Amino acid sequence: MANLYIDNVHKSFGETHILKGIDMDIADGEFIILVGPSGCGKSTLMNCIAGLEQVTTGRVIIDDEDVTQSMPKDRDIAMVFQSYALYPNMNVWKNIAFGLEIRKLPKEEIEETVGRVADLLQIRDLLKRKPSQLSGGQRQRVAMGRALARDPKIFLFDEPLSNLDAKLRVEMRTEIKKLHQRLGTTIVYVTHDQIEAMTLANRIAVMKEGHIQQFGTPQEVYDNPANQFVAGFMGSPSMNFIRCQVVDHQGDATIAMSVDGKDFHLPIPQQEKGVRERVGQEVVLGIRPEQITDVVPQQEQASTLANVDAEIIVTEPTGADTLTLIRMNDQEVNCRVHPARAGAPGDTMTFMINMDKAVFFDLASGDRI
Amino acid sequence: MTVKHSNRRYSEITGRAVLYAILIIVAIYYLIPLVIMISTSFRDMNDIRFGHLIDLPSSFSFEAWRMAWSEVQIGARRQLGLRPYFINSLLITIPAVTISVILGAVNGYVLSFWRFKGSNIFFALLLFGCFLPFQAILLPQATVLGKIGLSGTIPGLVLTHVVYGVAFTTLFYRNYYVSLPGELVKAAQLDGAGFWRIFWRIILPLSTPITVVAVIWQFTQIWNDFLFGVAFSSPQSQPVTVGLNNMVNSSTGEVRYNVDMAGAIIAALPTLAVYVIAGKYFVRGLTAGSVKG
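Residues numbered from 1 in each chain as written. Chains lettered and ligands numbered in written order. Predicted model: local features only at pLDDT ≥ 70, side-chain atom pairs only at ≥ 80, totals over all residues.

- Under an unreviewed UniProt entry, the name given to chain B is Carbohydrate ABC transporter permease, and the source organism is Natronospirillum operosum.
- Per its UniProt entry, chain B bears the Sequence similarities (unreviewed entry) comment "Belongs to the binding-protein-dependent transport system permease family." (UniProt positions renumbered as here; feature names shortened; annotations may be inferred.)

- Looking at an unreviewed UniProt entry, one finds chain A named sn-glycerol-3-phosphate ABC transporter ATP-binding protein UgpC and attributed to Natronospirillum operosum.

### Re the interface of chain B and chain A
It is common to give the size of an interface as the accessible area that goes away when the parts come together.
At step 1: Listed as interface residues are 16 residues of chain B and, on the opposing side, 20 residues of chain A.
At step 2: When residues of the side of chain B that touches chain A are assigned to their parent elements, the largest contribution, 6 residues, is made by helix α8 (residues 183–190) of chain B.
At step 3: Partitioned by chemical class, the residues of the side of chain B that touches chain A number 8 nonpolar, 5 polar and 3 charged. (Contact = placed C-beta atoms within 7 Å. Helix = DSSP H or I, 4+ residues; strand = E, 2+ residues; numbered from the N terminus. Nonpolar A, V, L, I, M, F, W, Y, C, P; charged D, E, K, R; others polar.)

### Observations regarding the sheet that holds strand β18 (residues 322–328) of chain A
Strand pairing within a sheet occurs via backbone hydrogen bonds; the two strands may be parallel or antiparallel.
Residues and elements named next belong to chain A.
At step 1: Spatially, the 3 strands line up as an open sheet ordered β17-β18-β19, and their pairing is antiparallel. Looking at strand neighbours, the two that pair on one side only are β17 (314–317) and β19 (331–337), the edges of this open sheet. Taken over all neighbouring pairs, the strand axes of this sheet differ in orientation by 30° on average, direction set aside.
At step 2: In this structure, β18 lies alongside β19, joined through 7 bridges in antiparallel fashion. Looking at the pairing, L325 lines up with N334 of β19. (Pairing = 2+ DSSP bridges. Axes fitted to C-alpha atoms, helices over the stretch in contact; angles between N-to-C directions.)

### Observations regarding the environment of A193(B)
At step 1: Position of A193(B) among the secondary structure elements: in the loop between α8 and α9 (195–203).
At step 2: With 22 C-beta atoms packed within 10 Å, A193(B) lands in the buried category.
At step 3: With residues up to four places along the chain from it excluded, the contact list for A193(B) reads I102(A), A188(B), I198(B) and R201(B). (Buried ≥ 20, exposed ≤ 12 C-beta atoms within 10 Å, placed from the backbone.)

### A closer look at the UniProt feature "transmembrane region" (unreviewed entry) in chain B
At step 1: When the UniProt feature table is mapped to this numbering, "transmembrane region" (unreviewed entry) covers residues 17–38, 85–110, 122–142, 154–177, 198–219 and 261–283 of chain B.
At step 2: In this annotation, residues 154–177 of chain B is assigned 100% helix and 0% strand; the end-to-end C-alpha distance for the span is 33 Å.

### Quick word on unusual backbone geometry
All names here are of chain A.
At step 1: Cis geometry marks the peptide bond from S236 to P237; its omega dihedral reads -5°.
At step 2: Along the chain, P237 turns up in the loop between α8 (228–233) and β11 (240–249).
At step 3: Positive phi outside glycine occurs at N329, with the angle close to 50°.
At step 4: If you trace the backbone, N329 turns up in the loop between β18 and β19.
At step 5: A tally of 15 C-beta atoms within 10 Å means that N329 is categorised as partly exposed.

### Focus: the pairing of strand β2 (residues 16–26) of chain A
Residue and element names in this part refer to chain A.
At step 1: As paired elements, strand β1 (residues 4–13) and β2 share 8 bridges and run antiparallel to each other. Opposite H10, over in β2, you have K20 as the bridge partner.
At step 2: The hairpin turn running from β1 into β2, its antiparallel successor, is 2 residues long, and G14 in that turn takes a positive phi close to 60°.

### Focus on the UniProt feature "domain: ABC transporter" (unreviewed entry) in chain A
At step 1: Taken from the UniProt record, the annotation "domain: ABC transporter" (unreviewed entry) applies to residues 4–234 of chain A.
At step 2: Along residues 4–234 of chain A the backbone is 37% helical and 26% strand, and the end-to-end C-alpha distance reaches 25 Å.

### Comments concerning helix α7 (residues 154–177) of chain B
Residue and element names in this part refer to chain B.
At step 1: A rise of 1.5 Å per residue sets the reference length of α7, with its 24 residues, at 34 Å; its end C-alpha atoms lie 33 Å apart and thus fit the reference within 8%.
At step 2: G165 marks where α7 bends most, by close to 35°.
At step 3: In terms of residue burial, α7 counts as a mostly covered element, since 20 of its 24 residues are buried. (Expected span 1.5 Å × (residues − 1). Bend = angle between axes of the 7 residues up to and from the residue.)

Below, the structure is given as structure tokens:
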């Protein structure tokens, strides 16, 4: 158990700069998720924390001790790899015990630890098997067992569930969360599955092109994205981005919107003060699909609401909701409506737009206004 | 519909029959020299002298094998037969194969998992060794061996074969190791294993198939080598290939075909044996772990 402090870490391979100044302060026992598109540097950052890559500049500090120059084995970190990286020539027992044997633990202690980990992960029956005789889910458990047996200061998970089928992935996700609650060890976890990110994390770091775009709790990142990239990356289906103009309407700054030829105004929520100063300028309105729904009568009095009739282009039923595509300002917009209330493509239906959680971005930079 | 179907079957069977006939004929053609060598080696000279050279044996004896092994006079050498040459070959081949295979494995391990600045250039330069014609290095290597005092000795020949074999073994191991997942080494590093422990405990146990390939290749190359064996040896350190050549050339009147044939087979047996023994492990290595561990 330990805190982890990453101080202005840069990493370059020749002329290619992968990490461009990463700062993270991770408290003891936190579950941190790194997300980002392929090539954003999240795996490189993991390797730098583990010591498998040397940082070009910057410091890595574990438990108030500078380990920047330490070998991987001296950092007391365990890692679960995407490919599991089980030793093919050893059986499950040996795989789990390997790290303990190298650390010259007494035989009885190794026996006991392997047994405890095997019980915890329910792999006791598999201890005599070779990795090639295990299913994907079983291999995943063994890889976790190998990490758990060491009882390290920090766990690193590099997309551990991405090779599992959908059902197993959800099961293992829950198990990892349970495990973390039980052990309380600091975890840094890389994924590109944003549901994994939302459900597991204490805090999420969204990365892009070697920079951390935002580092905050899942709800912060979801509700209060730092920029258009973060807003578009988190959430599925992703946030709608609509180009629109800020106008003065009866003495109040509003958003001018046009749907199927009809013009109307959308209110700007109280907290978005910056947009009010941009009257006459074009901005990008970010609004999540669940903020545009069918009309819910009991909410209709709120000041941030607007109703609009729009023609449905496409519907995508997901079971719980029906995703409905309409056009606003001639741009496609996804709405999330109740399945029973959803119309058919070609129909016109009344949508309720809730601007309460709407966010605004600068047209050129994509930064939050 | 059914008629058409059976027609196709007949044409398929005919095609197969023709194919197999051709294969059998080619195989016989290919095997005949070996059969003649073996049968001739068991005939005695009278049989060959009065019959045809190519004939089934009307007599059967190990006399020619005994002669070739330990009795025939080769050149002006005091010890008789191929035996001393054969022993020389073993003394050259076994250490040379062992050392070059071990070096190749370590080289391949470093070049695949412990890259350093310029390791790709290093590997590319090393590959030149595979394409270097042996006759091109005869003079420089003779000078080197002379300078370090190993001219005409068995250690000198071992050194020569190791130096020119390492390029091949490194190539084999490196290309095999790059196909292993690099995360294995990372996982072992995090588990606390160092350079040599990872090599012994993780990488080497996975190397059986490529080790068999490297051993077969190196053994065949070194055992069958004639050029280095004749150029860098003294009469006391000549390998069996040179001995065989000398035996066939130092005639004392008539050509004893049966002894020559027996000698040639003796000189070829070890490579055959290595292939038969190691080939079995080769297949075993490839299929290990797929069904049962």
